[in-house]
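Structure at a glance
One-letter residues, chain by chain:
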Amino acid sequence: MANFRTCPDTGFKIDLQADKLIKWNAVTAVVFLLVGGLFGLLVALTRWPAVHLLDADLFYLALTAHGLDVLLVWIIFFEMALLYFTSAILLNSRLAMPKVGWLGYVLMLVGALITNVAVLQGNSTVMFTSYVPLQAEPHFYLGIILFAVGALLGCAVFFGTLYIAKKERTYEGSIPLVTFGAMTAAIIAVFTIATGAVILIPTMLWSMDIGLIDRVDGLVYRIVWWGMGHSSQQINVAAQIACWYAIAAILFGAKPLSEKVSRTAFLMYILFLQLASAHHLLVDPGLSSEYKIFNTSYALYLAVLGSMIHGLTVPGAIEAAQRKKGFNNGLFEWLAKAPWGNPVFSGMALSVVLFGFLGGITGVIMGTEQLNIIMHNTMYVPGHFHGTVVVGTTLAFMAISYWIVPTLWQKEMVMPGLAKWQPYLFGLGMGAAAIFMMGAGTLGVPRRHWDIAFADSAIGHVFPEAANLMMGLAGVSAVVGSLGALIFILNMVGTILWGKAKVPAPASAEPTPAETPSAATSYGGAGTMAVPGTFVLAMVFLTTFVLYYFVNWKYLAGVWGLS
Amino acid sequence: MSADSSGNIPFMQRLLDSPFVLLALGVLVPTVIYTVWGVVEALSIPMAP
Ligand code: HEM
Ligand SMILES: [Cu+2]
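Reading the values: the criteria
- Residues numbered from 1 in each chain as written.
- Chains lettered and ligands numbered in written order.
- Predicted model: local features only at pLDDT ≥ 70, side-chain atom pairs only at ≥ 80, totals over all residues.
- Heavy atoms only, no water.
- Contact = heavy atoms within 4.5 Å.
- Buried area = accessible area lost by both parts, 1.4 Å probe.
- Polar contact = N/O pair within 3.5 Å; in protein donor to acceptor, adjacent residues only side chain to side chain.
- Helix = DSSP H or I, 4+ residues; strand = E, 2+ residues; numbered from the N terminus.
- Nonpolar A, V, L, I, M, F, W, Y, C, P; charged D, E, K, R; others polar.
- Donors = N, O, S within 2.8 Å, 3.2 Å for Na, K, Ca; no water.
- Tetrahedral: all angles 85-135°; square planar, octahedral: opposite > 155°, others 65-115°.
- Near = heavy atom within 4 Å.
- Phe/Tyr/Trp six-rings, centres within 6.5 Å; stacked < 30°, edge-to-face > 60°.
- Buried < 20%, exposed > 50% of the residue type's maximum accessible area, 1.4 Å probe, protein only.
- Lys NZ or Arg CZ within 6 Å of the ring centre and 35° of its normal.
- pLDDT = per-residue confidence, 0-100.

1. Overview of the interface of chain B and chain A
Between chain B and chain A, the residue contacts involve 27 residues of the former and 35 residues of the latter. Roughly 2600 Å² is buried in total at the junction of chain B and chain A, and carbon and sulfur atoms are behind 77% of that figure. The largest share of the area that chain B buries against chain A comes from L16, Y34 and E41 of chain B, three residues that together contribute 25% of it. Applying the counting rule to chain B against chain A returns five residue pairs in polar contact (both at pLDDT 80 or more). Listed by contribution, the elements that provide at least two residues to the side of chain B that touches chain A are α1 (11–16) and α2 (19–43) of chain B. Counting residues per element, the side of chain B that touches chain A draws most heavily on α2 of chain B, at 19 residues. Grouping the constituent residues of the side of chain B that touches chain A by class yields 20 nonpolar, five polar and two charged.

Printed below as a string of structure tokens:
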């Protein structure tokens, strides 16, 4: 029989097994963020031309480890914690099959360790994409497969908990929007993991060289691999947006402007977001334009619309909640009076803005078949995805950690002063790094490249001076961002290990927002569309989007001189 | 929200309240449109002699 405790801050009924699983998954995630972040710093310090820290072998090794540890291990461990939180805890339910949850955790941890060992041994420097015919040691693939199976078990526990909660009527009506967002992430995760298994198992057999599979087709590999590699990014987007709604609900008691609209936007993700995987194949010969354009434009734009809806309704929900509290002056009093010194809020707000402007716009542009060619495989690409998965997803996860960790552990944060600055340091540092990477990419600097000076190569190339400047500025910004990441990690680990136990707040000292129904705990919209400030911000966004889109067409037109 | 009392619940709401139907759609749609379509195109390229 499941045991529960009651959270003194929120009144949530917390299944003790879910509690433990959330904690272990979240802590493991943060440890891997530290490891992966350090590899990222080493990579950044190598690509900073004046520093050029690592030698070539170590650079590619560190780049492989960086991609794996942050993109797979940090993000997916954290997502497991979110899945357990949004199912068992937000639905007031017991967790389904806790033993399966633990088995999943162990498989993920063992898998992550095996793959890390494989990379550090030095014979699996294939980047996290491991494109055939590059070949890693068999245990490189084995580790990823174990990790994926573990994550799949986590998804099964999540769906099992949804099922139990409904059957045992622990909630009324529809699941809350935050849980719906997490469910979207879990659905995409199932496709992602299944696709990964389809490609990685044969590739592992091929690398074992035992005569079972003697060739893996390069194009088929890339198609199926990106079904996993890209879709896993969409798990992140869905999970990050669930975090946005959760934070708006926790801090402001905010309700979505319209439940129907927000849920339909998530439905667009479920149906169409994964198709965008084809944007990784836009310059691959052998695939038709119909295939490329259908997958990356026609269908995908419905999903992009979904993202823009969330980008509108999250601030809109906050504006509606703030206006209800009386912050009604002018267009922006609601925003100016928001708690900018609270890292839960500032992290979320920066994540919304930076994800939209840096990650979102550039993603749509690179996903356009004609435009893709001008930045394919340049630094523009890592610039783009540090705009999505770093200042979007990672920052959103950091923001919600500032709430989850003190709440679940019932500890005071050890460095509250630094925490105030941390989202700005990390968000703006990595945001700037992303912009400078894009700048370098626009000047043609390749990604995944140890030495753009081509010092010892037969055929040289000289990039414009500005390219070196951009790479240098990207390096400086990455150092600032890494410092921000480090502060976050120290703060979280320090709080968990050494934080003072929380003194329970005297009753009614502060209204606990979770008591008012909100998107985190129940169904129901804000019942208003009167959010003028948000609409102005949305117009600024759309204008930027359109202008930058056409700038890129102009830029494409300049690539081939016609006169 | 159970199937028997669903008479006047709108279709969209029933769909959005059915995690397992959504799961099936979310796996099926990309498998067909992205993976299968792509792999079929790739495999129908003739081998170089
Ligand atoms: C701690 C701060 C970070 C720094 C300083 C950093 C820096 C870098 C740099 C310089 C590159 C190399 C680009 C190239 O040469 O092609 C890179 C690649 C990459 N980064 Fe980060 N990054 C950081 C955090 C993250 C996070 C949190 C994620 C994901 C959640 C991430 C995901 C990736 C991926 C997937 C690659 C591509 C690897 C490849 O091409 O194989 N990074 N990063
Ligand atoms: Cu992608």
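Once you've had a look at it, read on.
2. Regarding the coordination of the iron atom of ligand 1
Residues and elements named next belong to chain A. Distances from the iron atom of ligand 1 to its protein donors, H66 (NE2) and H386 (NE2), fall within 2.0 to 2.1 Å. Taken together, the six donor atoms coordinating the iron atom of ligand 1 and their angles of 86 to 179° define a geometry best described as octahedral. Here H66, found in helix α2 (residues 56–89), pairs with H386, found in helix α12 (residues 380–409); they are 320 residues apart in sequence, far enough to count as distant.

3. Looking at the site of ligand 1
Residue and element names in this part refer to chain A. The environment of ligand 1 is formed by 25 residues, the closest being R47, H66, H386, R447 and R448. Within the side chain of H66, a nitrogen or oxygen atom sits 2.8 Å from a nitrogen atom of ligand 1. At 2.8 Å, a side-chain N or O of H386 approaches a nitrogen atom of ligand 1. Mapped by element, the contributors of at least two residues to the shell around ligand 1 are α1 (16–47), α2, α12 and α14 (465–498). For the shell around ligand 1, a count of residues per class yields 16 nonpolar, six polar and three charged.

4. Focus on the packing of aromatic side chains
All names here are of chain A. Enumeration over the complete set of coordinates arrives at 32 aromatic pairs over all chains. With centroids separated by 5.9 Å and ring planes inclined at 80°, the aromatic side chains of F85 and W403 adopt a geometry described as edge-to-face. Linking F85 in helix α2 with W403 in helix α12, this pair joins segments that are 318 residues apart in sequence. We classify F85 as buried; its relative accessible area is 6%. Connected via pairs of aromatic rings, a cluster forms that spans W24, F32, F77, W102, Y105 and F147. Across the ring face of W409, the terminal group of K23 is positioned such that the distance to the ring centre comes to 5.2 Å. Above the ring of Y131, the side-chain terminus of R222 is found at 4.6 Å from the ring centroid.

5. Brief notes about the coordination of the copper ion (ligand 2)
Residues and elements named next belong to chain A. Ligation of the copper ion (ligand 2) by protein atoms is provided by H230 (ND1), H279 (NE2) and H280 (NE2), these donors lying 1.8 to 2.1 Å from the ion. Spacing between the donor residues of the copper ion (ligand 2) along the chain follows H-x48-H-H. With H230 in helix α6 (residues 218–252) and H280 in the loop between α7 (259–272) and α8 (289–324), the pair connects residues that are 50 residues apart, well separated along the chain.

6. Describing the side chain of S124 of chain A
Considering the arrangement of structural elements, one finds S124 of chain A in the loop between α3 (98–121) and α4 (138–167). Excluding anything up to four places from it in sequence, S124 of chain A contacts T64, A118, V119, A136, E137 and F140 of chain A.

7. What to know about the confidence of the model for chain A
Of all residues in chain A, 97% have pLDDT values of 70 or greater, and the mean over the chain is 92. In the model, residues 508–514 of chain A has pLDDT below 50 throughout and makes six contacts with residues more than four positions away in sequence or in other chains.

8. Things to note about the side chain of S87 of chain A
All names here are of chain A. Following the sequence through the fold, S87 ends up in helix α2. Classification of S87 as buried rests on a relative accessible area of 0%. Each residue touching S87, except ones within four places of it in the same chain, is listed here: L95, F158 and T161.

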